[in-house]
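Remarks on the overall topology
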Amino acid sequence: MGEEVEKTNMNAKLTQYFFTKDSVKANFLYLVSFIFIIFGLLVDPLNQVWDGFLAILTSPSNLITDYFEVGGIGATFVNAGLLMLINAMAIKRFSTKITGPLVAALFTVMGFAFFGKNLYNSIPITLGTLLYSQYRNMPIGNFLLTSLFATTLAPVVSIITFGQGLSYWVSVPLGVLVGVFIGFTIHPMGSSFLRFHQGYNLYNMGFTAGVLGMIIASIMRVFDLTTTYDPIIQTHSIIEVEAFFVAFSLFLLVIGFMLNGKSFKGYGIFKKDSGRLISDFVTDYGVGLTFINMGVLGLASLVYVWVVGGTLEGAVIGGVLTVIGFGTFGKHIFNVTPVVIGIFAMQVMMAVDEPSSTASLLSALFGTTLAPIAGHYGWKAGILVGLLHAGLVPNTGITHAGLNLYNNGFAGGFVAATVVPVLDGIRERNEMREGISKD
């Protein structure tokens, strides 16, 4: 009996060792990419996928542009898989180590490839990062994480290129040039704005990009350039897509279960982790527990969408994939739940949108950017910031005209910067009173 237990533990250790090698991590990311690409090619005929892919590439892509409605299911999955694949190859080539934050960034890029990001509008921002790394005389691998998240402003490239009615001889160079400018300037800005919310807003680049997007939108308005288009949203569920994401979440859960010695033992350790930036669950807890966490968050996100009567369309899928990705980098079921409860409660009281609307679902899913506050200050604080976030986020998109895809990260930065100092003051006062009572 003892020999069998020892053998099982040894197998688990060997599996963990080999799976934590960066070459194997990269292969897993490639596998995920191909799963999405193959599914897209199977769902729709090849000619339809091609036509849809071209439609996605030439879409203005401002918030919210559901690529299911623009290019179809197959083309959207191919777009997501290709973006994941190309960025994973870049990380494997230029990064010294594949970390939790990088995995979160890749899943976020793939998620937003369902409603706003594509190859055309993302590449100029990456080129800007390359120029910035050369300007700083530093390896590009040092800036890949920020570069991936910086594609939140990818719609700027598309809306300048395809949304102004200009000749392509003018609009393409102009759009690309602005994208390169974004990729070059956003890196020093991101480091600076992290101090604004003290790391309690996981989507730091969303806040940074919100400020930069606000400036860009203002300049565009000065020159009477079009900054917004009506949202394009699919309004019906697709059973094949729903089945795919249930299977994908279970796939992550099963992998984690196997890597964790065929058990869920140790998952409770996440209760002790606030998730505050910069966290790395892969490094801290191992790939087994991290994959379990990703699978749990995926299934929980899907259940929430269905319980409130929502539709799993492109934008909502982006939210689900982002929550899954940040299961490696700050989010777990214990710190996201209070925030979602607070957001849902506010939405029930609000007279604007039902909790089942696309905007409300995005607020609930992406609002988990504030999960570290619940993790650090407790569930009551989590509910409080959820309430505030749900009230604020519908009003922040106007400032950047939907050019910043991470609008919840923008709103979350303001909520965190407002609430955290107050919570610190309350905590300090309570600690002082406890100290006096003990004396």
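Presented here is an overview of the structure given in this document.

Thresholds applied
Residues numbered from 1 in each chain as written. Predicted model: local features only at pLDDT ≥ 70, side-chain atom pairs only at ≥ 80, totals over all residues. Heavy atoms only, no water. 1 Å grid on protein atoms, 1.4 Å probe; cavity = no way out; pocket = protein on both sides within 12 Å on 5 of 7 lines; lining within 4 Å. Points joined across faces, edges and corners; volume = space filled by probe spheres on them. Helix = DSSP H or I, 4+ residues; strand = E, 2+ residues; numbered from the N terminus. Nonpolar A, V, L, I, M, F, W, Y, C, P; charged D, E, K, R; others polar. Buried < 20%, exposed > 50% of the residue type's maximum accessible area, 1.4 Å probe, protein only. Axes fitted to C-alpha atoms, helices over the stretch in contact; angles between N-to-C directions. Parallel < 35°, antiparallel > 145°, perpendicular 65-115°, else oblique. Contact = heavy atoms within 4.5 Å. Expected span 1.5 Å × (residues − 1). Polar contact = N/O pair within 3.5 Å; in protein donor to acceptor, adjacent residues only side chain to side chain. Phe/Tyr/Trp six-rings, centres within 6.5 Å; stacked < 30°, edge-to-face > 60°. Core = buried A, V, L, I, M, F, W, Y, C linked by side-chain atoms within 4.5 Å. Patch = residues over 30% accessible without salt bridge, like charges linked within 9 Å, V, L, I, M, F, W, Y side chains within 5 Å. Areas by Shrake-Rupley, 256 points an atom, 1.4 Å probe, with all protein chains shown as cover. Salt bridge = Lys/Arg side-chain N within 4 Å of Asp/Glu carboxyl O.

**Looking at the layout of surface pockets**
- In this structure, the largest pocket occupies an estimated 660 Å³ of space.
- As for the largest pocket, its lining consists of 35 residues, and the residues nearest its centre are L63, V393, P394, G397 and N407.
- Where the lining of the largest pocket is concerned, the elements lending two or more residues are α6 (100-112), α16 (358-366), α18 (379-400) and α19 (407-438).
- By residue class, the composition of the lining of the largest pocket is 21 nonpolar, 12 polar and two charged.

**Notes on the environment of I37**
- Tracing the sequence through the fold places I37 in helix α2 (residues 22-43).
- Between the C-alpha atom of I37 and that of V78, which follows or precedes it by 41 residues, the distance is 4.4 Å.

**As for unusual backbone geometry**
- The phi dihedral of D224 falls on the positive side, at around 60°, and the residue is not glycine.
- Mapping D224 onto the fold places it in the loop between α11 (204-222) and α12 (239-259).
- On the accessibility criterion, D224 (69% relative accessible area) is exposed.
- For K262, which is not glycine, the phi torsion reads 55° and is therefore positive.
- Assessed through its relative accessible area of 56%, K262 is described here as exposed.

**Section: the packing of helix α14 (residues 314-325) against α16**
- With their axes 9 Å apart at the nearest point, α14 and α16 run at an angle of 5° to one another. For the element pair α14 / α16, the angle class is roughly parallel. Residues A315, V316, G318, G319, V320, T322 and V323 of α14 lie in contact with α16, whose contacting residues are T358, L361, L362, L365 and F366.
- For the contact of α14 with α16, the class distribution of residues is eight nonpolar, four polar and no charged.

**A short note on the environment of F196**
- Mapped onto the elements, F196 comes out in helix α10 (residues 168-197).
- A relative accessible area of 38% means that F196 is categorised as partly exposed.
- For the pair F196 and T208, spaced 12 residues apart in sequence, the C-alpha to C-alpha distance is 10.0 Å.
- When near neighbours in sequence (up to four residues on either side) are disregarded, F196 contacts F207, G413, F414 and A417.

**Focus: helix α7 (residues 119-136)**
- Taking 1.5 Å of rise per residue, the 18 residues of α7 would be expected to cover 26 Å, and the 26 Å separating its terminal C-alpha atoms lies within 8% of that figure.
- Taken residue by residue, α7 has L119, N121, S122, P124, I125, G128, T129, Y132 and S133 as its buried positions.
- With a side-chain oxygen lying 3.0 Å from the backbone nitrogen of Y120, the N-terminal cap of α7 falls on N118.
- Two residues or fewer after α7 comes N137, characterised by a positive phi angle close to 55°.

**Examining the side chain of H332**
- Among the secondary structure elements, H332 is positioned in the loop between α14 and α15 (333-349).
- We classify H332 as buried; its relative accessible area is 1%.
- Here F270 takes part through its backbone oxygen, which lies 2.9 Å from a polar atom of the side chain of H332.
- When near neighbours in sequence (up to four residues on either side) are disregarded, H332 contacts F270, D273, F281, N293 and L297.

**Notes on the packing of aromatic side chains**
- Following the criterion strictly, the structure yields 43 aromatic pairs and no others.
- The rings of F28, F36, F39, F68, F77, F107, F114, F244, F245, F248, F251 and F291 are connected pair by pair, giving a single aromatic cluster.

**Focus: the nonpolar core**
- Counting residues in each nonpolar core, the largest one holds 114 residues, and the members touching the most others are F36, F77, F245, L321 and I373.
- In terms of nonpolar packing, the next biggest core, distinct from the first, is built from seven residues, L253, Y267, F270 and I292 among them.

**A closer look at empty space enclosed by the protein**
- As enumerated under the stated definition, the model contains one cavity of 30 Å³ or more in all.
- Quantified by volume, the largest cavity comes out at close to 140 Å³.
- Forming the boundary of the largest cavity are 12 residues, of which K25, V103, V282, V287 and F291 lie nearest the centre.
- Those elements that provide at least two residues to the lining of the largest cavity are α2 and α13 (281-307).
- Of all the elements, α13 adds the most residues to the lining of the largest cavity, at five residues.
- Looking at side-chain class alone, the lining of the largest cavity contains nine nonpolar, two polar and one charged residues.

**Some details on the packing of α12 against α14**
- Orientation of α12 relative to α14, taken along the N-to-C sense of each, is 0°, at an axis distance of 12 Å. As the angle between them shows, α12 and α14 are arranged roughly parallel. In this structure, α12 uses V241, F245, F248, S249 and L252 to contact α14, whose residues at the interface are I317, L321 and I324.
- Taken together, the residues of the contact of α12 with α14 break down into seven nonpolar, one polar and no charged.

**Let's talk about a nonpolar patch on the surface**
- A surface patch of nonpolar side chains, amounting to about 500 Å² of accessible area, comprises I215, I219, V222, F223 and L225.
- Relative to the helices and strands, L225 resides in the loop between α11 and α12.
- Judged by its relative accessible area of 33%, L225 falls in the partly exposed class.

**Digging into the side chain of N335**
- Considering the arrangement of structural elements, one finds N335 in helix α15.
- Residue class for N335 comes out buried when judged on its relative accessible area of 1%.
- Of note is the side chain of N335, whose polar atom sits 3.1 Å from the backbone oxygen of S274.
- From its side chain, N335 meets the backbone nitrogen of H332 in a polar contact 2.9 Å long.

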